[in-house]
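So you can see what is in the structure, the chains are spelled out below.
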Amino acid sequence: MSAIPMSEEIVVIGSGFAAQQLIKSLRKLDGARPIRLITADSGDEYNKPDLSHVVSRDCSAAAMSRLSGSAFAEQQRIALLPHCPVLAIDPVRRLVKTGQGEFPYGQLVLATGASAVRPEIAGSEHLVTLNSQQEYAAAEARIRAASRILVLGAGLIGCELAMDMASAGKEVTLVDLAHSPLSTLLPAALSQPLQQALREQGVNLLLGQGVAGIAPQDPDRPNDGLRVTLSDGLVSAQDLVIAAVGLRPNLALAQSAGLEVGRGIRVDDRLQTRDPHIFALGDGIEWRGQLLPFLQPIVLGASALAKTLLGTPTVLTLPPMLVKVKTPLYPLQLAGRTRGEDLAWQCRWSRQGMVAEARGEDGELCGFVVGGDQMSAAFPLLRQLPR
């Protein structure tokens, strides 16, 4: 058997927010440790949450870049391999295999992220997803040209996209199988002001149904739009259909390396996989049985993992996290546990906002939702939540 290469290099696979945040955290602690970033894209740095607002801001895909991959690499003093898909990981020899060669690692971090879910429906190849700068670049011309857009999925991203596109003058239809928007985040009654705001913005809400199929209006004239059949049989003419029904962690690389996966790449409290030399961070991980597709856990995870990789094992601990729904006509913030039949809600409503507190059977605060002009109530409530 070949000897294991004695590499001190930290190799990071992926170039999204998690990878770049980790590299910044590492460099704050150690300016000399060799770091290599391997990514299938350019490695450009951009703010992913901005994807929900590109239409109203008239922002091009290219303009989203804050820093090119090469400039980021120079700034952080790392080796960058852009446009270099990873073919396999050899955990025994501690090698990352790519089309540009094999690279030994001392420690490996999988920041491979998650992909937008594409529902299995007839004509799914016509769906557009907006989960990355690259996906937006591919669809940018079609989005600009579209007058009628159907957004499939009334979760956080779907609601933000729908309001943003409607505010820019698009004719937007928002479709979801649930009977209220943000159904996985808050009770239906608390979503009523948001529903009203979406309608006031001009969004056509079709709740309690899905999309059964998508087909071109005329196969010989692809620019003539799409014929969308809903689950109730209604047929709708659209120029574009955007899928915003959730994310699915990218697990293939971890699985092929023999790592344990469930809903995501399974990690312990130090973000370590069952291989002591391989760690994972970001949208693709499963930590304590849950997925963490939000920025705050990534920031805190990157900080803890940087210390662990540099020799000080550090456990990730997460405080109650504030989730922001950036729908300008009626923004929302929520934290803690906001779903469950056992919760008792205490709500204060005004014409322009609300404060809703969720309390458990012991009367203690479990979670909250604030909306409209009551956003300032979020931080005092956040401090009251149990850690």
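Note that the structure is a prediction, hence the values are computed from the model and not measured.

Asks: Where do I start with the domain arrangement of the chain in this structure?
Replies: Interface size, as often reported, equals the accessible area lost upon joining of the parts. You can read the domains of the chain as domain 1 (10–115 + 247–310), domain 2 (118–243) and domain 3 (331–384). Inter-centroid distance (C-alpha atoms) of domain 1 to domain 3 is 34 Å.

Asks: What am I meant to see in unusual backbone geometry here?
Replies: You will see that L182, though not glycine, has its phi angle at about 55°, which is positive. Here L182 is to be found in the loop between β13 (171–176) and α5 (192–200). Residue L182 is classed as buried on the basis of its relative accessible area of 1%. In this structure, R288 takes a positive phi of about 50° despite not being glycine.

Asks: Explanation requested: the environment of E160 in the structure shown.
Replies: Looking at where E160 falls in the secondary structure, it is placed in helix α4 (residues 156–167). Separated by 72 residues in sequence, E160 and D232 have C-alpha atoms that sit 25 Å apart. What E160 contacts, discounting residues up to four positions off in sequence, is S52, H53, K324, V325, K326 and T327.

Asks: Looking at this structure, I do not really get the pairing of strand β7 (residues 95–98). What am I missing?
Replies: In regular strands, side chains alternate between the two faces of the sheet. In this sheet, β7 lies alongside strand β6 (residues 86–90) in antiparallel orientation, the contact comprising four bridges. Its bridge partner lying in β7, D90 is registered against L95. Here β6 folds back onto β7 in antiparallel fashion, the turn holding four residues, of which R94 has a positive phi close to 55°. Relative to strand β8 (residues 101–104), β7 runs antiparallel, the two sharing four bridges. By the bridge assignment for β8, K97 is matched with E102. Connecting the antiparallel pair β7 and β8 is a turn made up of two residues.

Asks: Just checking my understanding: could you explain the pattern of salt bridges for this structure?
Replies: Between side chains of opposite charge, a pair can form when the charged atoms approach closely. One pass over the structure, following the stated rule, counts 16 salt bridges. Where D50 meets R57, a salt bridge forms, and the shortest distance between an N and an O atom there is 3.3 Å. The partner of D269 in a salt bridge is R288, and the shortest N-O contact between them spans 3.0 Å. Taken as a pair, D269 in the loop between β20 (265–267) and β21 (278–280) and R288 in the loop between β22 (285–287) and β23 (290–291) lie far apart in primary sequence, 19 residues in all. Relative accessible area serves as the criterion here: at 26%, D269 is assigned to the partly exposed category. When its relative accessible area of 55% is taken as the criterion, R288 is described as exposed.

Asks: Explanation requested: empty space enclosed by the protein in the structure shown.
Replies: Rolled over the atoms, a probe as big as a water molecule pinpoints where empty space is left. Throughout the structure, instances matching the rule amount to one cavity of 30 Å³ or more. Estimates place the volume of the largest cavity at around 50 Å³. In terms of lining residues, the largest cavity is bounded by L271, L281, G282, I285, L292, P297, I298, G301 and L316. Among the elements that make up the lining of the largest cavity, the one with the highest residue count is helix α7 (residues 295–309) (three residues).

Asks: Could you clarify how one ought to interpret α7 in this entry?
Replies: Residue pairs three or four apart in sequence face the same way in an α-helix, which turns once every 3.6 residues. Given a rise of 1.5 Å per residue, 15 residues ought to cover 21 Å, and the 21 Å separating the end C-alpha atoms of α7 matches this to within 8%. All of the buried residues in α7 are P297, I298, G301, A302, A304, L305, A306, T308 and L309. Its buried side turned inward, α7 meets β1 (10–13), α1 (17–29), β9 (107–110) and β21. Count one or two residues on from α7 and you reach G311, which has phi positive near 105°.

Asks: Explain the sheet that holds strand β16 (residues 226–230) here, please?
Replies: Hydrogen bonds along the backbone pair up the strands of a sheet, which may run parallel or antiparallel. Spatially, three strands are ordered β15-β16-β17 in an open sheet, and the strand pairing comes out antiparallel. On the outer flanks of this sheet lie β15 (211–216) and β17 (235–238), each paired with one strand and no other. Pairwise comparison of adjacent strand axes, ignoring direction, gives a mean angle of 25° for this sheet.

How each quantity is defined
- Residues numbered from 1 in each chain as written.
- Predicted model: local features only at pLDDT ≥ 70, side-chain atom pairs only at ≥ 80, totals over all residues.
- Heavy atoms only, no water.
- Domains from an automatic or database assignment.
- Helix = DSSP H or I, 4+ residues; strand = E, 2+ residues; numbered from the N terminus.
- Buried < 20%, exposed > 50% of the residue type's maximum accessible area, 1.4 Å probe, protein only.
- Contact = heavy atoms within 4.5 Å.
- Pairing = 2+ DSSP bridges.
- Salt bridge = Lys/Arg side-chain N within 4 Å of Asp/Glu carboxyl O.
- 1 Å grid on protein atoms, 1.4 Å probe; cavity = no way out; pocket = protein on both sides within 12 Å on 5 of 7 lines; lining within 4 Å.
- Points joined across faces, edges and corners; volume = space filled by probe spheres on them.
- Expected span 1.5 Å × (residues − 1).
- Axes fitted to C-alpha atoms, helices over the stretch in contact; angles between N-to-C directions.

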